[in-house]
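Summary of structural features
Each chain, letter by letter, is given below.
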Amino acid sequence: MTDELLVVRAQLGERAALAEVVARWRLPVWRYVQRMLGADRADDVSQEIWLAVVRGLPRLREPARFTPWLFAIARRSVVERLRTEYAREQATPLHHDRCVEDPGEAVVVRAELVDALTGLPVVEREILVLHYLEDLSVQDCAQICQVPVGTVKSRLNRARRLLREHLDGKGYRS
């Protein structure tokens, strides 16, 4: 069954359809949040997102556009969390660095990629995550981020360049 049909059925109050929508999209939403904020905050923010989805689903006018609508909600939740944490950091000067060591080379490489990704500016990281990791089109990314398609393309280009520079600086060559 398509997402559009499931969304319409969920809007009509069918609980099984809503459960199926959540089951299909729970992991992609969680991965997006995890990639933007880290695994330690992904559960809480994902839960907030699904609460907003359940509350807002009856007002969704275009069920065929569910995916961009869903990720727009996720984006707003991520931005709100970042704003809250930034304000808290400004109020308290204590910062905690976390370091996890694992001898496995695959873990080290993955950590370098995560480090490179988290080192990107938020707007570039967001576009990179949405487009490449969540497999959304440039048009959907533009709708989610509320920017023109050209801006998405330029952010993707800058994000790829920054990521490449970071990885080249660490000795990784493509």
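Above: the structure in question.
What counts, and where the lines are drawn
Residue numbering note: each chain is counted from 1, following its sequence as written. At least 70 in pLDDT is required for a residue's local features to be given in this predicted model, at least 80 for side-chain atom pairs to be given and counted, and no such filter applies to totals for whole chains, interfaces and linings, which use all residues. Only heavy atoms go into the side-chain values, all of them from the structure, while hydrogens and water stay out. The axes are straight lines fitted to the C-alpha atoms, using for helices just the contacting stretch, and the angles between their N-to-C directions are given from 0 to 180°. Secondary structure elements follow DSSP: runs of H or I of four or more residues count as helices, runs of E of two or more count as strands, with numbering from the N terminus. Every angle not falling under 35 degrees, over 145, or within 65 to 115 is termed oblique; those three ranges are roughly parallel, roughly antiparallel and roughly perpendicular. A crossing counts as left-handed when the near helix is turned anticlockwise from the far one by less than a right angle, and as right-handed when that turn is clockwise. In this analysis, two residues are considered to be in contact whenever any of their non-hydrogen atoms come within 4.5 Å of each other. Each residue is assigned to one of three groups, with Ala, Val, Leu, Ile, Met, Phe, Trp, Tyr, Cys and Pro labelled nonpolar, Asp, Glu, Lys and Arg labelled charged, and all others, Gly among them, labelled polar. Buried residues of nine kinds, namely Ala, Val, Leu, Ile, Met, Phe, Trp, Tyr and Cys, make up a nonpolar core once their side-chain atoms join them within 4.5 Å. Burial classes: relative accessible area under 20% of the type maximum marks a residue as buried, over 50% as exposed, and values in between as partly exposed (1.4 Å probe, protein chains only). For this analysis, a ring pair means two rings from Phe, Tyr or Trp (six-membered ring only for Trp) whose centres lie within 6.5 Å, classed as stacked if their planes differ by under 30 degrees, edge-to-face if by over 60, and tilted for the remaining angles. Any carboxyl oxygen of Asp or Glu within 4 Å of a side-chain nitrogen of Lys or Arg constitutes a salt bridge here. Note that His is not counted, nor are the chain ends; the positive residues are Lys and Arg, and the negative ones are Asp and Glu. Arc, as used here, means the arc of the directions from the helix axis to the C-beta atoms. By the criterion applied in these results, polar contacts are pairs of N or O atoms within 3.5 Å in which, for protein atoms, one can donate a hydrogen and the other can accept it, and in which residues neighboring in sequence qualify only through two side-chain atoms.

Quick word on the packing of helix H2 (residues 15-37) against helix H6 (residues 122-133)
Remark: H2 packs on H6, axes separated minimally by 10 Å, with the N-to-C direction vectors making an angle of 150 degrees. With respect to H6, the element H2 is oriented roughly antiparallel. For the crossing formed where H2 meets H6, the hand is right-handed. Contacts between H2 and H6 involve Tyr32, Arg35 and Met36 on the former and, on the latter, Val122, Arg125, Glu126, Val129, Leu130 and Leu133. When grouped by side-chain class, the residues that make up the contact of H2 with H6 number six nonpolar, no polar and three charged.

Quick look at the nonpolar core
If you look at the biggest cluster of nonpolar residues, it comprises 46 residues, and the most contacted ones within it are Tyr32, Val33, Ile49 and Phe66. Of all the elements in the fold, those that place two or more residues in this core are helix H1 (3-11), H2, helix H3 (39-56), helix H4 (66-91), helix H5 (105-119), H6, helix H7 (138-145) and helix H8 (149-169). Leave out the neighbours within four places in its chain, and Tyr32 touches Phe71, Ala74, Arg75, Val78, Glu126, Val129, Leu130 and Glu134.

Quick look at the packing of aromatic side chains
How two aromatic rings sit relative to each other is given by the distance of their centres and the angle of their planes. Tallying each qualifying case throughout the model produces four aromatic pairs. When the centroid spacing of 6.4 Å and the interplanar angle of 65 degrees are considered together, the rings of Trp25 and Phe66 count as edge-to-face. With Trp25 in helix H2 and Phe66 in helix H4, this pair connects stretches of sequence that are 41 residues apart. According to the relative accessible area criterion, Trp25 is buried, its value standing at 15%. For Phe66, a relative accessible area of 2% corresponds to the buried category. What links up through ring pairs into an aromatic cluster is the set Trp25, Tyr32, Phe66, Trp69 and Phe71.

Focus: the packing of H2 against H3
Packed helix pairs are characterised by how far apart their axes lie and by the angle those axes make with each other. As a packed pair, H2 and H3 sit with axes 8 Å apart at the nearest point and diverge in direction by 140 degrees. It follows that H2 is oblique to H3 by the angle criterion. Helix-helix and strand crossings are classified by hand; for H2 and H3 the assignment is right-handed. In this structure, H2 contributes Leu18, Val21, Val22, Trp25, Arg26, Val29, Trp30, Val33, Gln34 and Leu37 to the contact, and H3 contributes Ala39, Asp40, Arg41, Ala42, Asp43, Val45, Ser46, Ile49, Trp50 and Val54.

With respect to the pattern of salt bridges
Using the criterion set out here, one finds 11 salt bridges in the structure. In this structure, the salt-bridge partner of Arg35 is Glu134, at a minimum N-O distance of 3.3 Å. In this pair, Arg35 is assigned in helix H2 and Glu134 in the loop between H6 and H7, connecting sequence segments 99 residues apart. With relative accessibility at 21%, the residue Arg35 sits in the partly exposed group.

Quick look at the side chain of Arg155
As for its position among the elements, Arg155 is in helix H8. With no salt bridge to any partner, buried Arg155 finds its closest opposite charge in Glu126, at an N-O distance of 5.0 Å. Not counting residues up to four positions away in its chain, the partners in contact with Arg155 are Val123, Glu124, Ile127 and Val147.

A few points about H1
Side chains that are three or four residues apart share a direction in an α-helix, a result of its 3.6 residues per turn. Burial in H1 covers these residues: Leu6, Val7 and Ala10. The buried side chains of H1 occupy one side of the element, clustering within an arc of 100 degrees when seen end-on. Remark: Gly13 follows H1 within two positions and exhibits a positive phi of approximately 100 degrees.

Some details on the side chain of Arg125
Among the structural elements, Arg125 can be located in helix H6. The side chain of Arg125 sits in the buried core without any salt bridge; Glu124 is the nearest counter-charge, 8.4 Å away. Within the structure, Arg125 has its side chain in polar contact with the backbone oxygen of Leu117 (distance 3.5 Å). Look past the residues within four positions of Arg125 in its chain and what remains in contact with it is Arg35, Met36, Leu117, Thr118 and Leu120.

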